[in-house]
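# Fold and contact review
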Amino acid sequence: MYHGHKLLEEHILAKHKQNNLDGKIIIEVGSVREHMEGQNSTGFFMKLCKEHNMKLISVDMDKDCSDNVHKEAEKLNFKNYEAITMKGEDYLETIDSFDFLYLDGFDYYHQWHSDERKEKYKKILNTEITDEGSWKSHLDMVKRVYKKGNKDSLLCIDDVLSATKGKGCRAIPFLIQNGWKSIESKYNAEIFKQSF
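Residues numbered from 1 in each chain as written. Predicted model: local features only at pLDDT ≥ 70, side-chain atom pairs only at ≥ 80, totals over all residues. Heavy atoms only, no water.

### Here's the deal with the overall build of the protein chain
A count of helices and strands for the protein chain gives seven helices and seven strands. The order of helices and strands in the protein chain, counted from the N terminus, is α-β-α-β-α-β-α-β-α-α-β-α-β-β. Taking 196 residues into account, the globule formula puts the C-alpha radius of gyration at 16 Å, and the protein chain, at 16 Å, falls close to it. Dimensions of the protein chain along its principal axes, counting C-alpha atoms only, are 45 × 40 × 35 Å. Of all 196 residues assigned to the protein chain, the portion counted as buried reaches 53%. For the protein chain, the exposed area adds up to about 9,900 Å²; of that, 47% sits on carbon and sulfur atoms. Here the protein chain carries 30 positive and 33 negative side-chain charges, and the mean point of each set is 3 Å from the other. (Helix = DSSP H or I, 4+ residues; strand = E, 2+ residues; numbered from the N terminus. Rg over C-alpha atoms; globule rule 2.2 N^0.38 Å. Buried < 20%, exposed > 50% of the residue type's maximum accessible area, 1.4 Å probe, protein only. Areas by Shrake-Rupley, 256 points an atom, 1.4 Å probe, with all protein chains shown as cover. Lys, Arg positive; Asp, Glu negative; His and termini not counted. Charge placed at Lys NZ, Arg CZ, Asp CG, Glu CD.)

Put into structure tokens, the structure is as follows:
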């Protein structure tokens with residue numbers, strides 16, 4: 001089963017037919033946690049970047065996840081990346097512009113989260129995993145970047161399940177009200193570009 005990173009790749013490669021991807025940057029919020037089938041967006045993006053001479057910036061609140069980014073890069077012999085241990089909202093505050101942005105940060109609530117994962121949220125963010133927390137985090141992230149895109153920028157939110165379930169419940173209406181349009185919804189993800 002495909003995930004949102006596949007949707008972003010499809011749109012990046014469609015752009016590649018018109019534009020050279022050399023030097024473009026993919027920013028992902030939510031680095032590789034565990035190696036589950038189809039879940040490793042970090043490795044997936046590294047392969048894409050390696051093939052098209054792009055850079056990956058992978059951002060996660062959890063230092064263990066940032067360590068996983070380094071391991072993944074070593075495994076793939078990939079050098080053009082940064083692993084940043086920060087909350088996505090805080091990192092996105094610091095950037096001036098973006099090419100391709102993949103938001104897969106703060107988890108929404110479901111019953112299959114591991115105890116280890118729940119403990120990380122308590123320890124690092126002093127919170128539980130809740131839908132409310134996930135919605136707020138993704139809304140805060142898009143608020144940091146919605147004015148920083150250009151006509152070629154793409155913004156993809158993963159785990160968009162419905163208007164009331166998943167990660168984009170507040171972020172998506174905000175984007176649409178502020179000059180972005182949804183261009184495709186697939187693989188439980190939704191992708192946006194600015195509507196000029």
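### Examining the packing of helix 2 (residues 41–52) against helix 3 (residues 63–76)
Relative orientation of the contacting elements helix 2 and helix 3 amounts to 45 degrees, with a least axis distance of 10 Å. Relative to helix 3, the element helix 2 lies oblique. For the pair helix 2 and helix 3, the crossing hand works out as right-handed. Here helix 2 contributes Thr-42, Gly-43, Met-46, Lys-47 and Lys-50 to the contact with helix 3, which in turn contributes Val-69, Glu-72, Ala-73 and Leu-76. (Axes fitted to C-alpha atoms, helices over the stretch in contact; angles between N-to-C directions. Parallel < 35°, antiparallel > 145°, perpendicular 65-115°, else oblique. Left-handed = near helix turned anticlockwise from the far one by under 90°. Contact = heavy atoms within 4.5 Å.)

### Focus on the nonpolar core
Within the largest apolar cluster, 25 residues are counted, with the highest numbers of intra-cluster contacts made by Ile-27, Leu-92, Leu-103, Leu-155 and Ile-157. Among the elements of the structure, strand 1 (25–29), strand 2 (55–60), helix 4 (88–94), strand 4 (100–103), helix 6 (131–145), strand 5 (154–158) and helix 7 (171–177) are those that each provide at least two residues to this core. Setting aside residues up to four positions removed in sequence, Ile-27 forms contacts with Ile-57, Val-59, Tyr-91, Leu-92, Ile-95, Phe-98, Phe-100, Leu-101 and Tyr-102. Listed in part, the 23 residues of the second largest apolar core include Leu-48, Leu-76, Leu-154 and Tyr-187. (Core = buried A, V, L, I, M, F, W, Y, C linked by side-chain atoms within 4.5 Å.)

### A short note on helix 6
Compared with the 21 Å implied by 1.5 Å per residue over 15 residues, the 22 Å span of helix 6 between its first and last C-alpha is a close match. Extensive coverage of helix 6 is indicated by the burial of 11 of its 15 residues. For helix 6, every residue scored as buried is listed here: Asp-131, Gly-133, Ser-134, Trp-135, Ser-137, His-138, Leu-139, Asp-140, Met-141, Val-142 and Val-145. The elements touched by buried residues of helix 6 are strand 1, helix 4, strand 4, strand 5 and helix 7. (Expected span 1.5 Å × (residues − 1).)

### Some words on the environment of Trp-135
Take Trp-135: it is sitting in helix 6. Spatially, the C-alpha atoms of Trp-135 and His-5 are 19 Å apart, while their sequence positions differ by 130 residues. Apart from the residues lying within four places of it in its own chain, the contact partners of Trp-135 are Thr-164, Gly-166, Lys-167, Cys-169 and Arg-170.

### What about the sheet that holds strand 2?
The strand order across the open sheet built from seven strands is 3-2-1-4-5-7-6, with neighbouring strands paired in mixed fashion. Two strands close off the open sheet at either side, each with one partner strand: strand 3 (81–85) and strand 6 (180–186). Neighbour-to-neighbour, the strand axes of this sheet turn through a mean angle of 15 degrees, independent of strand direction. Helix-sheet contacts for helix 6 involve strand 1, strand 4 and strand 5, and the interaxial angle to strand 4 is about 165 degrees. (Pairing = 2+ DSSP bridges.)

### Looking at the pattern of salt bridges
Summed over all chains, the structure comprises 18 salt bridges. When the shortest N-O distance is used, the salt bridge between Glu-82 and Lys-55 registers 2.6 Å. With Glu-82 in strand 3 and Lys-55 in strand 2, this pair connects stretches of sequence that are 27 residues apart. The partly exposed category is assigned to Glu-82, whose relative accessible area is 33%. Here Glu-72 ties to Lys-75 by a salt bridge, and the two come within 3.5 Å at their closest N and O atoms. With a gap of three residues between them, Glu-72 and Lys-75 both fall in helix 3, about one helical turn apart. In the salt-bridge network here, residues are joined through shared partners; they are Glu-10, Glu-184 and Lys-186. (Salt bridge = Lys/Arg side-chain N within 4 Å of Asp/Glu carboxyl O.)

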